[in-house]
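Each chain is listed here by its residues.
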Amino acid sequence: MKKLLIILLIALTLAGCTPKDADKDKNTSSLQEIKDNRKMIVGFTNYPPLGFKDETGKETGLDLDLAKEVAEIIGVDVEFQYIDWDNKTFELNNKNIDMIWNGFTISEDRKKEVNFSKPYMDNQIVILSRADKPIKKISELEGLDVAVETQSSGQTGLEKSDVFTSIKEMQKYTNIADALLALNAKTVDAVVADITYAGYVLSKNKSDYVISDEKLDSEYYGIGFRKNDDDSLRDAVDAAIDSLIADGTAKDISIKWLDKDLILRP
């Protein structure tokens, strides 16, 4: 009899708590969850100068600087979570991160998987080559080995271009830094990448690299949020970025990393 009473008490306790917890989960907004946790977790990968780890292992970059300012405006801490870019949507939907923020190009296909912020940066797809074998025009890629970061805008831009069927081989790398290493090792002739990355590389080594005069594509960066969440967190981040643009903070961050202001609302 005593054992039966204990079982009944446990059952009643669970029955009493479950609806309350379910209502809390249902009614808590995505912004309120961040505030309750007192932090927002930003997913990033190795993509200088937007997000990367420096020689000491510290997370740094343009997007990460913006995220710090946004978190301060919202009133929470920020945590940076390094992710495999191929698994970014899984990491987001599994709630290992709260947002994808690292040179994340807005596209129609990606809109099916994530809820994007407003565009905040102009991005162009260009060719980065060695100074000893400069490539200025897209047509000059014909017959060459070209490196891209897998599932990147560089890969998409190259595949969409007229020259794609004429290149020797497209070599795909897990991250853009490995593509650059291949260029330096002369195992590829060029890297197709975002102008933010290409410009950063050139600024560090002006005599070693060349950026093409022509661009393969032009797109915008956005921040990715969970598709099934409400818009409260996304809207709060957008409002914070608007204020950073208005007071000049976003411009200062862009100039710090790119020597030019690419932050804008189209």
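Data block above holds the structure.
All values reported here derive from a predicted model rather than from experimental measurement.

(A) Representation of the packing of aromatic side chains within the structure. Across all of its chains, the model carries 9 aromatic pairs by this definition. Between Phe44 and Tyr82, the ring centres sit 5.5 Å apart and the planes meet at 85 degrees, which makes this aromatic pair edge-to-face. Of this pair, Phe44 sits in strand β1 (residues 39-44) while Tyr82 sits in strand β4 (residues 77-82); the two residues are 38 residues apart in sequence, bridging distant segments of the chain. Among the residues examined, Phe44 registers a relative accessible area of 0% and is labelled buried. Looking at Tyr82, the relative accessible area reads 37%, which means it is partly exposed. Centre to centre, the rings of Trp85 and Phe104 are 5.6 Å apart; their planes meet at 85 degrees, and the pair counts as edge-to-face. Of the two residues, Trp85 is situated in the loop between β4 and α4 (88-93) and Phe104 in strand β5 (residues 99-105); the sequence distance between them amounts to 19 residues. Residue classification places Trp85 among the buried positions, given a relative accessible area of 4%. Residue classification places Phe104 among the buried positions, given a relative accessible area of 1%. Here the aromatic cluster, defined as three or more aromatic residues joined through ring pairs, consists of Phe44, Phe80 and Tyr82.

(B) Structural context of the layout of surface pockets. The calculated volume of the largest pocket comes to roughly 320 Å³. When contributions to the lining of the largest pocket are tallied by element, the ones reaching two or more residues are α4, β5, α5 (108-111) and α6 (153-160). Per-element tally for the lining of the largest pocket: the top contributor is α6, with 3 residues.

(C) Representation of helix α2 (residues 30-37) in the model. Among the residues of α2, Ser30, Leu31 and Ile34 are the ones counted as buried. Buried residues of α2, seen end-on, are gathered within an arc of 105 degrees and therefore sit on one face of the element. The inward-facing, buried residues of α2 contact β1, α3 (62-74) and α9 (232-246). Arg38 occupies a position one or two residues after α2 and carries a positive phi of about 65 degrees.

(D) Representation of unusual backbone geometry. Pro49 follows Pro48 through a cis peptide bond whose omega is 0 degrees. You can see Pro49 is positioned in the loop between β1 and β2 (52-53). Backbone geometry at Gln151 places phi at a positive 60 degrees, although glycine is not the residue there. Turning to its location among the elements, Gln151 is positioned in the loop between β8 (145-149) and α6. Looking at Gln151, the relative accessible area reads 43%, which means it is partly exposed. If you check the backbone angles, Lys186 has positive phi at about 65 degrees while not being a glycine. As for its placement among the helices and strands, Lys186 is situated in the loop between α7 (176-184) and β10 (190-194).

The rules behind the values
Residues numbered from 1 in each chain as written. Predicted model: local features only at pLDDT ≥ 70, side-chain atom pairs only at ≥ 80, totals over all residues. Heavy atoms only, no water. Phe/Tyr/Trp six-rings, centres within 6.5 Å; stacked < 30°, edge-to-face > 60°. Helix = DSSP H or I, 4+ residues; strand = E, 2+ residues; numbered from the N terminus. Buried < 20%, exposed > 50% of the residue type's maximum accessible area, 1.4 Å probe, protein only. 1 Å grid on protein atoms, 1.4 Å probe; cavity = no way out; pocket = protein on both sides within 12 Å on 5 of 7 lines; lining within 4 Å. Points joined across faces, edges and corners; volume = space filled by probe spheres on them. Arc of directions from axis to C-beta. Contact = heavy atoms within 4.5 Å.

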